[in-house]
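Chain and residue survey
What follows is each chain in one-letter form.
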Amino acid sequence: MWYAGRSCIFQQPSRLYDLDVQALADIVVRPASPSDRDAATALTRAHTTSMRDSAAPRDTHAPDFSLGGTFLVALLENAVIGVSVVNTHRTELAGLVVAPHLRRRGVATALLAAARAFADSRGFAELSAPLEPTGWLERRGWVRTADRLALHLSAPRGWHIRPAHVSDCPAICEVHLQSIRELCAPHYTPDQVQAWCDGKNPAMYEMLLQKSPWFVAEESGRVLGFGDVGPARSELPGEWEVHGLYFSPAAAGRGIGGAMMRRLESLAREAGATSLFVRGTVNAAPFYSHMGFAELGRDTHRTRSGVELPSVAMRKTL
Ligand SMILES: CC(C)(COP(=O)(O)OP(=O)(O)OC[C@H]1O[C@@H](n2cnc3c(N)ncnc32)[C@H](O)[C@@H]1OP(=O)(O)O)[C@@H](O)C(=O)NCCC(=O)NCCS
């Protein structure tokens, strides 16, 4: 299992999730940085022990921080006053806690908004919460299913990203070939493109799906593209690698590849990765640079069908 040994991950601040919610109470919510770790841990521990205290309002989501995930922190004058945790693998809000003396000031609402933005920008179909209490979340658009609460996110964007199933393999194969033949081909010779496509068939993807986490982006039942990440073949400790990231020509340029990249990154980070490597196609190098990867050098990439193709080695520190 590639999720064994998951740990709590503290992200670097990112402009995407800097939510300035001064209108509520001079609160800033952002991904936790390493320096927030002690304060965030202390707050979550204190909350866990006081959860049944009658003085504690029942309007925060009972935490199960043991699940780990991406921690988002609320700060007031640089002090951590609240934490929410989103577990990317389980697409779940794993915890939400606010310092008891600052409850009912909109902090939990801001943390929930940050968790939602995090999930949305990674293409979650929905964010779920397994725990009581329900009323506070239901008043914020969450719906009760048999045993959990869920916040549906795929409307209005229309598409979502989900783990790939064996039944997706024919569509994955088709999208991969289309993507190579139309989006990559202008940057490679016809012979390279032909060799690259040779041997790709649905059965090949069925085997690959067993080896590492694969995701597909889907819209109205149609597979738009896929992403595949896992521990790197390199010797660098803590390094994971993007093995594949391909979209159909019609789907490219709609923000879905970026969402897939963020999804793969969160998954890797939450599984303990400290850097992400990619041997990108020549055409995708500017995209990876835009997503925060630094170029290590020109290289060749041995495709799954055994062909050496010009590529760009790139790395991102997580
Ligand atoms: C590379 C690829 C995966 C990117 O996916 P995409 O859906 O087209 O990318 P998005 O529309 O989500 O773009 C995400 C961000 O990257 C930026 N971006 C995309 N392509 C870019 C480029 N060539 N140069 C600079 N920035 C780029 C977008 O402007 C967007 O920025 P924003 O989030 O600040 O608005 C996709 O184009 C593709 O499938 N290409 C062919 C296959 C391939 O070469 N894959 C790489 C294999 S290693």
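Since the model is a prediction, treat every value here as computed from it, not as a measurement.

This part covers unusual backbone geometry. Each neighbour pair has its own omega, and for Ala-155 with Pro-156 the value is 5°, a cis peptide bond. Structurally, the position occupied by Pro-156 is in the loop between β9 (149-152) and β10 (159-163). In this structure, Asn-78 takes a positive phi of about 65° despite not being glycine. The phi torsion at Ser-220 lies on the positive side, around 50°, for a residue other than glycine. By the secondary structure assignment, Ser-220 is in the loop between β11 (214-219) and β12 (222-231).

As a further point, take the confidence of the model for the protein. For residues with low pLDDT, the predicted coordinates do not support detailed interpretation. On average, the protein scores 85 in pLDDT, and the residues at 70 or more come to 84%. The low-confidence segment residues 1-23 (pLDDT under 50) makes 53 contacts with residues lying over four places distant or belonging to another chain. Low pLDDT (under 50) marks residues 49-63, which in the prediction has 28 contacts with non-local residues, meaning those over four places away or in another chain.

Attention now moves to the environment of Val-80. Relative to the helices and strands, Val-80 resides in strand β5 (residues 79-87). On the neighbour-count criterion, Val-80 (22 C-beta atoms within 10 Å) is buried. Along the primary structure Val-80 and Thr-41 are separated by 39 residues, whereas in three dimensions their C-alpha atoms are 10.0 Å apart. With sequence-adjacent residues up to four places away left out, Val-80 is seen in contact with Asp-36, Ala-39, Ala-40, Leu-43, Val-73 and Leu-75.

The rules behind the values
- Residues numbered from 1 in each chain as written.
- Predicted model: local features only at pLDDT ≥ 70, side-chain atom pairs only at ≥ 80, totals over all residues.
- Helix = DSSP H or I, 4+ residues; strand = E, 2+ residues; numbered from the N terminus.
- pLDDT = per-residue confidence, 0-100.
- Contact = placed C-beta atoms within 7 Å.
- Buried ≥ 20, exposed ≤ 12 C-beta atoms within 10 Å, placed from the backbone.

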